[in-house]
Structures are given as structure tokens and as C-alpha cells.
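Geometric and topological summary
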Amino acid sequence: MDKRKVAVPLVCHGHSRPVVDLFYSPITPDGFFLVSASKDSSPMLRNGETGDWIGTFEGHKGAVWSCCLDANALFSASGSADFTAKLWDALTGDEKHSFEHKHIVRACAFSEDTHLLLTGGFEKILRIFDLNRPDAPPREVGNSSGSIRTVAWLHSDQTILSSCTDSGGVRLWDARSGKIVQTLETKSPVTSAEVSRDGRYITTADGSSVKFWDANHFGLVKGYNMPCNTESASLEPKLGNIFIAGGEDMWVHVFDFHTGEQIG
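Residues numbered from 1 in each chain as written. Predicted model: local features only at pLDDT ≥ 70, side-chain atom pairs only at ≥ 80, totals over all residues. Heavy atoms only, no water.

Brief notes about the sheet that holds strand β9 (residues 105-110)
Read from one edge to the other, the open sheet built from four strands follows the order β9-β10-β11-β12, with strand pairing classed as antiparallel. The open sheet terminates on both sides in strands that have one partner only, identified here as β9 and β12 (139-143). Sheet twist, expressed as the average angle between the axes of neighbouring strands with direction ignored, equals 20°. The pairing of strand β10 (residues 116-121) with strand β11 (residues 125-130) spans four bridges and is classified as antiparallel. Directly across from Leu117, in β11, lies its bridge partner Phe129. (Pairing = 2+ DSSP bridges. Helix = DSSP H or I, 4+ residues; strand = E, 2+ residues; numbered from the N terminus. Axes fitted to C-alpha atoms, helices over the stretch in contact; angles between N-to-C directions.)

Focus on the pairing of strand β20 (residues 230-235)
Pairing of β20 with strand β21 (residues 242-247) involves five bridges; the strand directions are antiparallel. For Ser232, the partnering residue across the bridge sits in β21 and is Gly246. A loop of six residues connects β20 with β21, the two strands running antiparallel in sequence, and Gly240 in this loop sits at a positive phi of about 70°.

As for the UniProt feature "repeat: WD" (unreviewed entry) in the protein
Here the UniProt-annotated "repeat: WD" (unreviewed entry) positions come out as residues 57-98 and 141-183. Helix makes up 0% of residues 57-98 and strand makes up 52%, while its end C-alpha atoms are separated by 13 Å. A helix fraction of 0% and a strand fraction of 63% characterise residues 141-183, whose end C-alpha atoms lie 15 Å from each other. (UniProt positions renumbered as here; feature names shortened; annotations may be inferred.)

A short note on the pattern of salt bridges
As enumerated under the stated definition, the model contains six salt bridges in all. We note a salt bridge from Arg127 to Glu123, for which the minimum N-O separation is 2.9 Å. Among the charged side chains, a salt-bridge network with shared partners connects Glu123, Arg127 and Glu140. (Salt bridge = Lys/Arg side-chain N within 4 Å of Asp/Glu carboxyl O.)

Things to note about the layout of surface pockets
By volume, the second largest pocket is sized at about 230 Å³. If you trace the second largest pocket, you find 17 residues lining it, with Leu45, Ile54, Ala73, Ala90 and Leu91 closest to the centre. Of the residues forming the lining of the second largest pocket, the biggest block, three residues, is contributed by strand β4 (residues 53-56). Partitioning the lining of the second largest pocket into residue classes produces nine nonpolar, six polar and two charged. (1 Å grid on protein atoms, 1.4 Å probe; cavity = no way out; pocket = protein on both sides within 12 Å on 5 of 7 lines; lining within 4 Å. Points joined across faces, edges and corners; volume = space filled by probe spheres on them. Nonpolar A, V, L, I, M, F, W, Y, C, P; charged D, E, K, R; others polar.)

What to know about the packing of aromatic side chains
Overall, the coordinates contain eight aromatic pairs when judged by the stated rule. Judged by centre distance (5.3 Å) and plane angle (35°), the rings of Phe57 and Trp88 are tilted. A residue pair is termed long-range when its members are at least 10 positions apart, and Phe57 in the loop between β4 and β5 (64-69) and Trp88 in strand β7 (residues 84-89) qualify at 31 residues. The same class applies to Phe57 as to Trp88, namely buried. Here Phe212 and Phe257 contribute two aromatic rings whose centre-to-centre distance is 4.9 Å and whose plane-to-plane angle is 85°, an arrangement assigned as edge-to-face. Taken together, the residues Phe212 in strand β18 (residues 209-214) and Phe257 in the segment after β22 (252-256) connect sequence positions 45 residues apart. Side by side, Phe212 and Phe257 carry an identical accessibility label, which is buried. One aromatic cluster is present, built from ring pairs that chain together Tyr201, Phe212, Tyr224, Phe243, Phe255 and Phe257. Lying across the ring of Phe257, Lys222 places its NZ or CZ 5.6 Å from the centre. (Phe/Tyr/Trp six-rings, centres within 6.5 Å; stacked < 30°, edge-to-face > 60°. Buried < 20%, exposed > 50% of the residue type's maximum accessible area, 1.4 Å probe, protein only. Lys NZ or Arg CZ within 6 Å of the ring centre and 35° of its normal.)

Notes on unusual backbone geometry
Despite not being glycine, Thr114 has its phi angle at roughly 70°, a positive value. Structurally, the position occupied by Thr114 is in the loop between β9 and β10. We note that His155 has phi near 60°; this positive angle belongs to a residue other than glycine. Within the secondary structure, His155 is located in the loop between β13 (148-154) and β14 (159-164).

Structure, rendered in C-alpha cells:
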């Protein structure tokens, strides 16, 4: 008889429209936290272990497409269809600043040192805001080939990662010069891209493929074909021996990182 353990999920009620982005904080002295973005315009903060609701960030006037927490889980940021990215105090829920854009903001990310906020969206421009001088004009990095879908920092904030909704590949930019230093080629637009917690791998999802790239030398380490078109993939952060992927079949699949075999 198959005696596999069946994981019982935590069900976190609260959003009134589809949830489009999730972000877990690193482990802090107070535990770890989960922030969620939804088309209902109100990001929510929860206890990452229990799923208990902590608070709702209120102030956006359009769908929220992206959300994140800084390394200490003291601040949160969100990108919205109301043409703004907002900085929030994660302890009080207060809006600290609203960064105006000229079109929809689809992605945002705190730098590792927590002093900078990176945004991207329909304007096809990467912007870097200095959180120590929030009223100062942002620094703009290059012009992307299409609407920006994902952004991330790596190499101790020396490199920026981005992908576009309407063209394949992941672009790696030198944060100082604003020049593209490498492109990770994919056949389809990359719908998900993340840097592993230990900084070793870049995990991407494009079409029905999940790929793992060396985050330092940028070579392809592993690539697996999925059972269906995949929207998102993530490598398990502690041991790195499994990864999950989810897509159009409405299931989250669990795979062995080393073989690509589906195990759950």
C-alpha cells in the first residue's frame, strides 16, 4: 500500500479577487512572513508559518500585480495597475511613499541591502528608486524589448535580472552601467524567474519548460519539460533537491531536481 504523506494545506481566506503574486520573507528573529498581491487592489501580510492574517495594505486604486518584503520584513512594496509602486511600513501598515509611473507596474524587488527598490512594467523601463531619498528621481536602466514581467537582484546588488511578457529570454544587466551583460535564451516568454536563496541558481519557467541556470557563469545546468504550460517554478530553498511548478492544469507539481521525475 502506498503510504505517502499527504500535505494538508493552510487555507488563507481574505482576498476577493484572484491572487497573482506571493512572496515569502527570509527568516527573521520574529519568524517569517508572507505577502500576497491580488486584483482586489489590497496586498495582505500573513504569518508565513500559520497563514494567520496580520494586516492589509490599503491605498492602491487598481489591481496589484507584484509584492515583496525586504530582507528584514520591516517594509513591503507593491506594484499596481494604478501606475504606482508603493512602499509600506510592514509593522504599522502605513504607506511610506508612492512612486509614480506612466503605466502599469508589473514587478518590484528590494535590493539585498534594502536601500533600493527596482520596478518594471508596461513602460519597458527598469527603474531604481533610492529609499533613503524617496523623492529623488529614479535611475533608469536600459530599454527592454517588451513589457517587463519579472525583476530580481543578484550578485550583491551588482546585477539586475528581468524578463518580458512578449519576448523570450532573461536579460542580465550591470546595475552600474545599465548595459546588458548576458541573455539567457529561451524559446518562449519567461513567465517566472527567481534567484535561489543561496545565490547558486536562476530558476525560469517558459512555455512548458523549467530551466536552472548557473547564477554566476550563466550556463544552463538542467532543463525539464513539464506536463503542461507552466506559469511559475521555484526551487526548494533549504536543500535544493526538489522544485515545484504550476500552470494551466491548476495543479502544483513536485519534481526531483536531479532527475526531473515527478514525485508529488
